[in-house]
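# Observations on the model geometry
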Amino acid sequence: EPNAQKVYEILKEHGGYLPYHDKSNPNAIYETFKMSKKAFKKAIGHLYKDKQIIIQKGKGISLK
């Protein structure tokens, strides 16, 4: 999943945490990740299933 890899790399560049989640503003997601909210949600779902990230409800995502 190329978008999952992109999200993972951006997380690493930002110290392992970003304040984006499934309720985040679509424009903010696009500005940071250059992808739609739907693509972002699919990418973080993929990373979560692979146990590479932690999703903190209403707060953001972080690397494990």
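Just so you know, these numbers come straight off a predicted model, no measurement behind them.

### Digging into the nonpolar core
Counting 16 residues, the largest nonpolar core has Val 7, Leu 18, Phe 33, Phe 40 and Ile 61 as its most contacted members. Breaking this core down by element, the ones donating at least two residues are α1 (2-13), α2 (26-33) and α3 (37-49). Counting residues per element, this core draws most heavily on α3, which supplies five residues. Setting aside residues up to four positions removed in sequence, Leu 18 forms contacts with Ile 10, Leu 11, Phe 33, Lys 59, Gly 60 and Ile 61.

### A look at the side chain of Ser 24
Here Ser 24 lies in the loop between β1 (17-18) and α2. Residue classification places Ser 24 among the buried positions, given a relative accessible area of 8%. Side-chain polar atoms of Ser 24 contact the backbone nitrogen of His 21, separated by 2.8 Å. Ignoring sequence-local partners within four residues, the contact set of Ser 24 consists of Pro 19, Ile 29 and Lys 37.

### Let's talk about α1
Between the first and last C-alpha of α1 there are 17 Å, a value that for 12 residues agrees with the 16 Å anticipated at 1.5 Å per step. Structurally, α1 contributes buried residues whose contacts are with β1, α2, α3, β2 (53-56) and β3 (60-63). Where α1 ends, the next residue or the one after it, Gly 15, has phi of about 75°, a positive value.

Analysis parameters
- Residue positions within a chain follow its written sequence, with the count starting from 1.
- Note on the predicted model: pLDDT of at least 70 is required for a residue's local features to be given, and 80 or more for side-chain atom pairs to be given and counted; whole-chain, interface and lining totals, by contrast, use all residues.
- Heavy atoms from the whole structure form the basis of all side-chain values; hydrogens and water molecules are not counted.
- To form a nonpolar core, buried Ala, Val, Leu, Ile, Met, Phe, Trp, Tyr and Cys residues must be joined to one another through side-chain atoms within 4.5 Å.
- Burial classes follow relative accessibility: with a 1.4 Å probe on protein chains only, a residue under 20% of its type's maximum area counts as buried, one over 50% as exposed, and anything between as partly exposed.
- Helix numbering and strand numbering both begin at the N terminus, where a helix is a DSSP run of H or I of at least 4 residues and a strand a DSSP run of E of at least 2.
- Here, two residues are considered to be in contact whenever any of their heavy atoms come within 4.5 Å of each other.
- Within 3.5 Å is the distance limit for a polar contact, defined as a pair of N or O atoms, with the added protein rule that one can donate a hydrogen and the other accept it, and that residues adjacent in sequence qualify only through two side-chain atoms.
- Helices are assigned an expected span. That span is 1.5 Å times one less than the residue count.

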